[in-house]
Amino acid sequence: MAEDMTIDSYLAKGGVLSNPSNVPPRYRAELMKLMATFVDSELAGAAGFADIINDGPGIKERIAAARIVMEKTDHAGRVLRIMGEFGADTGRYVSHHPWTERLPRDADIGTTRVEHDMRLAVFNYPLDGWADAVMMNLLMGLAVTVQLDEFKAVSYQPLADAFRAIAPVEARHAELAEEGLVRLLEGDAQALLLASARYWWPRVAASFGSTESTRAESLKAMGLRRSSNAELLARWEAKAGAALDRLGLARA
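Note that the structure is predicted; figures quoted are calculated from it, not measured.

Participant: Residues and numbers for the packing of aromatic side chains, please.
Facilitator: Within this structure, the stated rule accounts for nine aromatic pairs. Ring geometry for Phe49 versus Trp130: centroids 6.3 Å apart, planes at 25°, classification stacked. Of this pair, Phe49 sits in helix α2 (residues 25-50) while Trp130 is found in helix α5 (residues 130-151), placing the two residues 81 residues apart along the sequence. Of the residues examined, Phe49 reaches a relative accessible area of 7% and is grouped as buried. When its relative accessible area of 12% is taken as the criterion, Trp130 is described as buried. Linked through ring pairs, Phe38, Phe151 and Phe163 together constitute an aromatic cluster. The ring of Tyr199 has Arg105 lying over it, and the distance from NZ or CZ to the ring centre is 3.7 Å. The side chain of Arg203 reaches across the aromatic face of Tyr199, ending 3.8 Å from its centre.

Now the structure itself:
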């Protein structure tokens, strides 16, 4: 970085940072929020899916579900280690925390976060059996692939490296979900899956935030975003809509 260039200007021109010691306070706050949201969402998602493993119709399905739980927990751990380099109390995540806590199925909180952690709002809704869990895993898994494609280019290099390693594994989770839905559709699960898709579609969509938000512009200047909420949502809608079409399910 040139001596006469401020860190803000450096980031705005596409520069990257690699050490907590030279991170400006506002940048640090936004970076920590991004990481906490990812970690808390992964832990809450893993905890919710863990409760449904034994509902799997066969050994293959249960093994796949257990692998997803393990890998999501590992991904949370990778990003949590980076948070620890910024002084975060990582012990909070290994002590008792209500990661399995959920709201009633008919709750409607939009993009609102709960008070006790930073999980995305979608992870506050309960799963309703195996088929519902697999559908949620498909739709949210595709949302995660869109979000990680965005975040693997963040300007904090250690986090970008972590997200690049995590991205293909999370993409495989969505693939496993689609494979699971194909098997479920060989039975008489179509009506159930249609209802599940309609339930989860707006809740997953809300995870991209308000399309009217202008906050992404300030994050772009820090190298923490490239796209608006509306652009990310549109990418997910295209991916998720195509997946439901492949499955022969009407779009939610």
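Participant: Describe in detail α5, supporting the description with residues and values.
Facilitator: In this model, α5 (22 residues) spans 30 Å end to end at C-alpha, consistent with the 32 Å of a helix rising 1.5 Å per residue. Counting buried positions along α5 yields 21 of 22 residues, so the element is predominantly enclosed.

Participant: Mind laying out the side chain of Ser41, listing which residues take part and the relevant values?
Facilitator: With respect to the secondary-structure elements, Ser41 resides in helix α2. For Ser41, a relative accessible area of 6% corresponds to the buried category. Here the side chain of Ser41 touches Thr37 through a polar contact of 2.7 Å, landing on its backbone oxygen. Of note is the side chain of Ser41, whose polar atom sits 3.0 Å from the backbone nitrogen of Leu120. When neighbours within four sequence positions are excluded, Ser41 is seen to be in contact with Met118, Arg119, Leu120 and Phe123.

Participant: Give a detailed account of the pattern of salt bridges, specifying residues and quantitative values.
Facilitator: Tallied over the full model, the rule gives 15 salt bridges. The partner of Glu170 in a salt bridge is Lys72, with the nearest N and O atoms 2.8 Å apart. Residue Glu170 is located in helix α6 (residues 157-185), and its partner Lys72 is located in helix α3 (residues 59-85); the two are separated by 98 residues in the primary sequence. The same class applies to Glu170 and to Lys72, which are both buried. The residue Arg235 makes a salt bridge to Glu150 at a minimum N-O spacing of 3.8 Å. Of the two residues, Arg235 is situated in helix α9 (residues 229-246) and Glu150 in helix α5; the sequence distance between them amounts to 85 residues. For Arg235, a relative accessible area of 37% gives the class partly exposed.

Participant: Can you break down the environment of Ala65 residue by residue, with the values?
Facilitator: Tracing the chain through its elements places Ala65 in helix α3. Note: C-alpha distance between Ala65 and Glu42 (23 residues apart in sequence) is 14 Å. For Ala65, the residues in contact, after removing those within four places along its chain, are Phe49, Ile53 and Trp130.

Participant: Tell me about the layout of surface pockets, and name the residues and values.
Facilitator: By volume, the largest pocket amounts to about 730 Å³. In terms of lining, the largest pocket is formed by 31 residues, of which the most central are Thr37, Arg113, Leu120, Phe151 and Ser207. Looking at which element gives the most residues to the lining of the largest pocket, the answer is α2, with seven residues. Looking at the lining of the largest pocket residue by residue, the class counts come to 16 nonpolar, nine polar and six charged.

Participant: Account for α2, naming residues and giving values.
Facilitator: For α2, built from 26 residues, the straight-helix expectation of 38 Å at 1.5 Å per residue is met to within 8% by its first-to-last C-alpha distance of 37 Å. The buried fraction of α2 is high, at 20 of 26 residues.

Participant: Can you explain empty space enclosed by the protein? Please cite residues and give values.
Facilitator: Within this structure, the stated rule accounts for two cavities of 30 Å³ or more. Approximately 170 Å³ is the volume found for the largest cavity. As for the largest cavity, its lining consists of 18 residues, of which Gly45, Phe49, Phe123, Met136 and Asn137 are closest to the centre. When contributions to the lining of the largest cavity are tallied by element, the ones reaching two or more residues are α2, α3 and α5. Considered class by class, the residues forming the lining of the largest cavity number twelve nonpolar, four polar and two charged.

What counts and what doesn't
Residues numbered from 1 in each chain as written. Predicted model: local features only at pLDDT ≥ 70, side-chain atom pairs only at ≥ 80, totals over all residues. Heavy atoms only, no water. Phe/Tyr/Trp six-rings, centres within 6.5 Å; stacked < 30°, edge-to-face > 60°. Helix = DSSP H or I, 4+ residues; strand = E, 2+ residues; numbered from the N terminus. Buried < 20%, exposed > 50% of the residue type's maximum accessible area, 1.4 Å probe, protein only. Lys NZ or Arg CZ within 6 Å of the ring centre and 35° of its normal. Expected span 1.5 Å × (residues − 1). Polar contact = N/O pair within 3.5 Å; in protein donor to acceptor, adjacent residues only side chain to side chain. Contact = heavy atoms within 4.5 Å. Salt bridge = Lys/Arg side-chain N within 4 Å of Asp/Glu carboxyl O. 1 Å grid on protein atoms, 1.4 Å probe; cavity = no way out; pocket = protein on both sides within 12 Å on 5 of 7 lines; lining within 4 Å. Points joined across faces, edges and corners; volume = space filled by probe spheres on them. Nonpolar A, V, L, I, M, F, W, Y, C, P; charged D, E, K, R; others polar.

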